[in-house]
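# Descriptive structure summary
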Amino acid sequence: MSVEKVLQTIKENNIEWVDFRFVDLGGRAHHISLPASAVEEETFVNGVAFDGSSITGFRGIEESDMVMMPDPSTTYIDPFTAHPTLNIMCDIFTPDGERYERDPRGIAVKAEEFLQSSGVGTAAFFAPESEFFIFDDVRYESGMNTSSFYVDSEEAAWNTGRKEEGGNMAFKVGVKGGYVPVAPVDSQQDIRSEMCRLLGEAGLEIERHHHEVATAGQAEINFRFDTLKKTADNLLTYKYIVQNTARQYGKVATFMPKPLFGDNGSGMHVHQSIFNGSEPLFYEKGAYANLSEMALHYIGGILYHAPALIALTNPSTNSFKRLVPGYEAPVNLVYSKGNRSAAVRIPVAAVTPKGCRIEFRTPDSTANPYLAFSAMLMAGLDGIKKKINPEEMGYGPLDKNIYELSDADKEKIRSVPGTLDEALDALEADFEFLTEGGVFTKDFIDNYIALKRSEAQAVAIRVHPHEYSLYFDV
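The following paragraphs examine the structure supplied in this document. Since the model is a prediction, treat every value here as computed from it, not as a measurement.

### Here's the deal with the overall build of the protein
The number of helices and strands found in the protein is 14 helices and 18 strands. Taken against the 2.2 N^0.38 rule, which gives 23 Å for 474 residues, the C-alpha radius of gyration of the protein at 23 Å falls within 12% of a compact globule. Structurally, the protein occupies a C-alpha span of about 65 × 65 × 50 Å along its principal axes. Long-range pairs, those at least 24 residues apart, make up 68% of the contacts in the protein between residues at least 6 apart in sequence. Just so you have it, the protein exposes about 21,700 Å², and 51% of that area is on carbon and sulfur atoms. Across the protein, 44 positive and 68 negative side-chain charges occur, with their mean positions spaced 4 Å apart.

Encoded structure:
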């Protein structure tokens, strides 16, 4: 959409407010709203000022002035505001017109430019499968003398015996029993369908939705792939619409990877491929899983750099509650065709040459998508550049159920880091592939690591409720 078209949309839809948005290091969106009457062509040239010192991980108070530069191609009408509002995603610049090097969206731009300058291809396409939970009640607190959380869902397995006004309607979802049942077991068809309707109005092309494996309202909605930056934009829109639609239904949606103990967590499996114009570069008929040599080298880069990558694709302490054996979590750093127990899976069912792709199953939705997708692309391109052969490196292919291997065989397989601190250690030791072409800077990586270490420390020093069960009577 051009600037002229944006201004026309404002006029034709009687828009009262224009909401200018940007994303912070953690992947959370922020916004400033301007009266629509104040938005002109010059707004897209001069931008919208904001205070960068109030955003965690950005700038100090002595250099706080920053500018949002709106991208007119990202506009959509907000479906939730009482006053007609148009949302626009922005890039971040300094007052002197330089792109801000810590802007995650700016990093995505540089990653796409680096791909094009590398001569490998013209575009990388991404498609995340971002899972989430829909709860009815969420409470938590963390203080000097208390630490607790409580979540509830009308369809949760623990509510089979709950006494309810009007009677308990039964048909609860069992632990690990939630994968695609029909109603009345799946009680959330309509809310997911409404999410999809609104996502479609916002410009996302919806492919399907369904209940996921876990009890208590785990869900998944898939939208069509697009280029790296556009897919990251779409994922922010996706999370915004999912969470606000849930709120309209009197419920609450979360993309937290492991909100429940004892059942599957929520991942963000990321499908990815590279094209040169209209030519798919990951397909070679008759090869293993119909993968080209380039695709295998891309996989090699992903798996080789995976410990460092995970600091960006699984960047929360909660991420590592999900990355444990036994809950379909992809902790094994190998690749395989059609095998969901491997970190990298190659889909083989109903795949065309243009649909040939690799799927990195380890990430989750606490990741900032601009950073995560850029990092995955940079790791894959490093694998292509260095011709990293995943089979020679011992990364597979392994076409077996890894969860059922013997302990001796499992010990031969590299695993993901066990904690956020371990992943950050790996990133400190292996970051040069990210700084190729200036896509990520050393300053950004150092700042990011410091921010995430402070989060890990904040969790580590707090008393955990389960420690009372273990130690109170010692």
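### Considering the layout of surface pockets
In this structure, the second largest pocket spans a volume of roughly 840 Å³. Looking at the second largest pocket, it is lined by 44 residues, and the ones nearest its centre are Glu129, Arg208, His271, Arg345 and Glu359. Those elements that place two or more of their residues in the lining of the second largest pocket are strand S7 (123-135), strand S10 (206-211), strand S11 (218-223) and strand S14 (268-276). With six residues, S7 is the single largest residue contributor to the lining of the second largest pocket. Among the residues forming the lining of the second largest pocket, the class breakdown is 18 nonpolar, eleven polar and 15 charged.

### Considerations on a nonpolar patch on the surface
A cluster of nonpolar side chains, contributed by Val138, Tyr140, Phe149 and Val252, occupies part of the molecular surface with about 440 Å² of accessible area. Tracing the chain through its elements places valine 138 in strand S8 (residues 137-142).

### Describing the environment of proline 465
Relative to the helices and strands, proline 465 is located in helix H14 (residues 465-471). Its relative accessible area of 39% is what places proline 465 among the partly exposed residues. When the C-alpha atoms of proline 465 and serine 147 are compared, they prove to be 6.2 Å apart, with 318 residues separating the residues in sequence.

### Here we look at the pairing of S10
Two faces make up the sheet, and in a regular strand the side chains alternate between them. In the sheet, S10 pairs with S11 via five bridges, with the strands oriented antiparallel. Looking at the pairing, isoleucine 206 lines up with phenylalanine 223 of S11. The turn linking S10 back onto S11 is made up of six residues, and alanine 216 within it adopts a positive phi angle of 70°.

### Details of a negative patch on the surface
On the surface, Glu4, Glu40, Glu41 and Glu42 cluster together into a negatively charged patch. Structurally, glutamate 4 can be placed in helix H1 (residues 3-12).

### Observations regarding helix H7 (residues 306-313)
Along H7, eight of the eight residues are buried, which leaves the element largely enclosed by surrounding structure. Buried residues of H7: Ala306, Pro307, Ala308, Leu309, Ile310, Ala311, Leu312 and Thr313, and no others.

### Side note on the pairing of strand S2 (residues 29-35)
Summarising the sheet, strand S1 (residues 17-23) and S2 pair through seven bridges and their orientation is antiparallel. Along S2, the bridge assignment pairs phenylalanine 20 with isoleucine 32. Between S1 and S2, which pair antiparallel and follow one another directly, the connecting turn spans five residues, one of which, glycine 27, has a positive phi of 95°.

### Points about helix H5 (residues 228-248)
Given a rise of 1.5 Å per residue, 21 residues ought to cover 30 Å, and the 30 Å separating the end C-alpha atoms of H5 matches this to within 8%. When you tally the buried positions in H5, you get 15 out of 21 residues, the bulk of the element. Once H5 finishes, glycine 250 follows within two positions and takes phi at roughly 75°, a positive value.

### As for unusual backbone geometry
Put simply, alanine 183 and proline 184 share a cis peptide bond, and its omega is 10°. Position of proline 184 among the secondary structure elements: in the loop between strand S9 (147-152) and helix H4 (189-201). Note that the residue after glycine 396, namely proline 397, is joined by a cis bond; omega there is 5°. One can find proline 397 in the loop between helix H9 (369-386) and helix H10 (407-410). Positioned with a positive phi, asparagine 14 is a non-glycine residue whose angle comes to about 50°. You will see that lysine 387, though not glycine, has its phi angle at about 50°, which is positive.

### Considering the packing of H4 against H5
It is the contact of H4 with H5, at a shortest axis distance of 9 Å, that shows an interaxial angle of 135°. By the angle between their directions, the pair H4 and H5 is classed as oblique. For the crossing formed where H4 meets H5, the hand is right-handed. Contacts between H4 and H5 involve Ile191, Glu194, Met195, Leu198 and Leu199 from the first element and Thr237, Tyr238, Ile241, Val242, Thr245 and Ala246 from the second. A per-class count over the contact of H4 with H5 returns eight nonpolar, two polar and one charged.

### Points about the pattern of salt bridges
A complete count under the given rule lists 26 salt bridges for this structure. For aspartate 152, the salt bridge goes to arginine 162, with nearest N and O atoms at 2.7 Å. Note that aspartate 152 is positioned in strand S9 and arginine 162 in the loop between S9 and H4, a separation of ten residues in sequence. Between glutamate 154 and lysine 251 there is a salt bridge, with its nearest N and O atoms 3.6 Å apart.

Parameters and conventions
- Residues numbered from 1 in each chain as written.
- Predicted model: local features only at pLDDT ≥ 70, side-chain atom pairs only at ≥ 80, totals over all residues.
- Heavy atoms only, no water.
- Helix = DSSP H or I, 4+ residues; strand = E, 2+ residues; numbered from the N terminus.
- Rg over C-alpha atoms; globule rule 2.2 N^0.38 Å.
- Contact = heavy atoms within 4.5 Å.
- Areas by Shrake-Rupley, 256 points an atom, 1.4 Å probe, with all protein chains shown as cover.
- Lys, Arg positive; Asp, Glu negative; His and termini not counted.
- Charge placed at Lys NZ, Arg CZ, Asp CG, Glu CD.
- 1 Å grid on protein atoms, 1.4 Å probe; cavity = no way out; pocket = protein on both sides within 12 Å on 5 of 7 lines; lining within 4 Å.
- Points joined across faces, edges and corners; volume = space filled by probe spheres on them.
- Nonpolar A, V, L, I, M, F, W, Y, C, P; charged D, E, K, R; others polar.
- Patch = residues over 30% accessible without salt bridge, like charges linked within 9 Å, V, L, I, M, F, W, Y side chains within 5 Å.
- Salt bridge = Lys/Arg side-chain N within 4 Å of Asp/Glu carboxyl O.
- Buried < 20%, exposed > 50% of the residue type's maximum accessible area, 1.4 Å probe, protein only.
- Pairing = 2+ DSSP bridges.
- Expected span 1.5 Å × (residues − 1).
- Axes fitted to C-alpha atoms, helices over the stretch in contact; angles between N-to-C directions.
- Parallel < 35°, antiparallel > 145°, perpendicular 65-115°, else oblique.
- Left-handed = near helix turned anticlockwise from the far one by under 90°.

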